[in-house]
Amino acid sequence: MHRIRITLAAAVAALSLAQPALAADKIALVVKSLGNGFFDAARQGAQEAAKELGGLEIIYAGPAKPTAEGQVEIVNALIAQRVKAIAISANDPDALVPVLKKARQRGIHVLSFDAMVRQDGRQLHLAPSSTPLIGAKLAALALEAAPGGGEVAVLSATAQATNQNGWIAALKSTLATPPYAKHKLVSVVYGDDQTDKSYREAQGLLKSHPNLKVIVAPTTVGIAAAARAVQDERRVGQVFVTGLGLPSEMLGHVRGGAVKSFAIWNPVDLGYAVIQLANGLVKGTVKGMAGETVSLGRIGKTTLDAGLEAAMAEPYTFNASNVDKFSKVY
Ligand code: RAM
């Protein structure tokens, strides 16, 4: 009897060992395009959250170029793969809505981060910071670049990106206030978050506005390309580039003098936080309701507003005093 009991126990143990490990929940991080250092850093944060939460697999995807059509194809493939959630930085607020609605109908949770999807196409949106704050920061950076005023041009990402468009609108309203009376916005151009196109657009600005004092690029791809154009065209000291950049990509340009200061939030934290929210939706701990306070894991908490948007921290300013240190982080 004793022997049989042991054998039975051993059999039960063997059976449980033979059970396949519980399949991990797949959560997709869909970015504007591949090859962008900002999103590479966000991916790192997403992996960090997945490791901390356990039982998650991050699928990182994005088109080669930042187009809505490329993202629609990706979302269709993710629906077929039965992912549990899709977190997307959208190349167009409207064009993604139908396919994201299809995902919702199949029980997939949908949220946007960085660049927003229209409200009826997602359950919530995570912004890196508040839009008016970013606009005011961009204006303050332009003032730092040209304290005496002068011509300012904007080199943006794609013309449909909700994040850049919101920040540019906020920059314009700040530039209309008295401290900026001597700063004149002369042009807004789009480099589509492509290095080559951004570089050419920056060269074009330098040519068509010989008195240009500042290029504000609210995109990590654009700011690096514009700084290189200013350097190559030997306009360092006459034209200053500023905006939103990664310390790792801007270090050389701060040292070279094309950039005095710039700002950004932590993209690793953004990727980490959006996966915390995606997992919350999957597990039911996040409902996606106006006024709801939601957990961003190690970062803390945030509250969804009436438009089901939540914002993270203030953008942080970098210059010669701190860019070195942070260039090792992101
Ligand atoms: C680029 C992308 C991204 C934006 C950053 C600041 O990498 O356009 O969406 O948030 O810049």
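The structure presented is a predicted model; accordingly, all values stated were derived computationally and were not measured.

Quick word on the sheet that holds strand β9 (residues 240–243)
On the basis of which strands lie adjacent, the open sheet formed by four strands has the order β7-β6-β8-β9 and parallel pairing. If you trace the sheet from one side to the other, it starts and ends with β7 (183–190) and β9, each paired once. Pairs of neighbouring strands in the sheet enclose a mean axial angle of 25°, with direction left out of account. Across seven bridges, the pairing between strand β6 (residues 150–156) and β7 is parallel.

Comments concerning the environment of Gln 44
Along the chain, Gln 44 turns up in helix α2 (residues 37–53). In the structure, Gln 44 is positioned 177 residues away from Val 221 in sequence and 18 Å away in space, judged by C-alpha atoms.

Notes on the domain arrangement of the protein
Here the protein is described as being made up of domain 1 (25–128 + 267–313) and domain 2 (131–264). Between the C-alpha centres of domain 1 and domain 2 the distance comes to 28 Å. Summing the contributions of domain 1 and of domain 2, the shared interface buries around 1,100 Å²; its carbon and sulfur component is 56%. The largest per-residue losses of area from domain 1 upon contact with domain 2 belong to Lys 32, Phe 38 and Pro 66, which jointly make up 33% of the total buried on that side. The tally of links between domain 1 and domain 2 comes to four residue pairs in polar contact (both at pLDDT 80 or more).

Topic: the sheet that holds strand β1 (residues 25–30)
Neighbouring strands of a sheet are bound in pairs by backbone hydrogen bonds; such pairs are parallel or else antiparallel. Spatial ordering of the open sheet is given by β2-β1-β3-β4-β5-β13, a layout of six strands whose pairing is parallel. Sheet topology places β2 (56–61) and β13 (309–311) at the edges, where each strand pairs with a single neighbour. Direction aside, the axes of adjacent strands within the sheet are offset by 20° on average. One ladder, built from four bridges, connects β1 with strand β3 (residues 85–88); its direction is parallel. Note that in β3 the partner of Leu 29 across the bridge is Ala 87. Packing of helix α4 (residues 97–105) onto the sheet brings it into contact with β3 and β4 (109–113), and relative to β4 it is tilted by some 140°.

Observations concerning the site of the ligand
Around the ligand lies a shell formed by Lys 32, Asn 36, Phe 38, Phe 39, Asp 114, Asn 163, Gln 164, Trp 167, Asp 193, Thr 219, Thr 220 and Ile 264. Out of a free accessible area of 290 Å², the ligand has 100% covered by protein chains. Looking at the shell around the ligand, the elements that each hand over two or more residues are α2 and α6 (162–175). For the shell around the ligand, the residue count by class is four nonpolar, five polar and three charged. For the shell around the ligand, the two domains that each supply at least three residues are domain 1 (25–128 + 267–313) and domain 2 (131–264).

Notes on the pattern of salt bridges
For the structure on display, the rule yields twelve salt bridges. Measuring nitrogen to oxygen at the nearest pair gives 3.1 Å for the salt bridge that ties Asp 120 to Lys 101. Note that Asp 120 is positioned in the loop between β4 and β5 (124–127) and Lys 101 in helix α4, a separation of 19 residues in sequence. For Asp 120, a relative accessible area of 40% translates into the label partly exposed. Ionic pairing is found between Arg 298 and Asp 269, a salt bridge with its closest N-O pair at 3.0 Å. You can see Arg 298 sitting in the loop between β11 (293–295) and β12 (301–303) and its partner Asp 269 sitting in helix α10 (residues 267–283), a full 29 residues away along the chain. By relative accessible area, Asp 269 is classed as buried at 19%.

Parameters and conventions
Along every chain, residues carry numbers that run from 1 in the direction the sequence is written. With pLDDT at 70 or above as the cut-off, local features in this predicted model cover only qualifying residues; side-chain atom pairs require 80 or more to be listed or tallied, and sums for whole chains, interfaces and linings still use all residues. Think of the side-chain values as coming from all heavy atoms in the structure, minus any hydrogens and water. Any two strands with at least two DSSP bridges between them are considered paired. Secondary structure elements follow DSSP: runs of H or I of four or more residues count as helices, runs of E of two or more count as strands, with numbering from the N terminus. For helices, the fitted axis covers only the stretch in contact; all axes are lines through C-alpha atoms, and the angles between them, taken along N-to-C directions, range from 0 to 180 degrees. Either an automatic procedure or a domain database provided the assignment from which the domain bounds are taken. Buried surface area refers to the total accessible area, computed with a probe of radius 1.4 Å, that the two partners give up upon joining, counted for both partners together. In the analysis that follows, any N or O atom pair within 3.5 Å is treated as a polar contact, provided that within protein one partner can donate a hydrogen and the other can accept it, and provided that, for residues neighboring in sequence, both atoms belong to side chains. In this description, contact between two residues means that some pair of their heavy atoms is separated by no more than 4.5 Å. Put simply, a residue is near a molecule or strand once any heavy atom of it comes within 4 Å of that molecule or strand. Here the accessible surface of atoms and residues is derived via Shrake-Rupley with a 1.4 Å probe, and residues count as covered only by protein chains that are part of the display. Any residue that is not Ala, Val, Leu, Ile, Met, Phe, Trp, Tyr, Cys, Pro, Asp, Glu, Lys or Arg is counted as polar, Gly included; the first ten are nonpolar and the last four charged. Salt bridges are defined as contacts in which a side-chain nitrogen from Lys or Arg sits within 4 Å of a carboxyl oxygen from Asp or Glu. Working definition: with a 1.4 Å probe on protein chains only, accessible area under 20% of the residue-type maximum means buried, over 50% means exposed, and in between means partly exposed.

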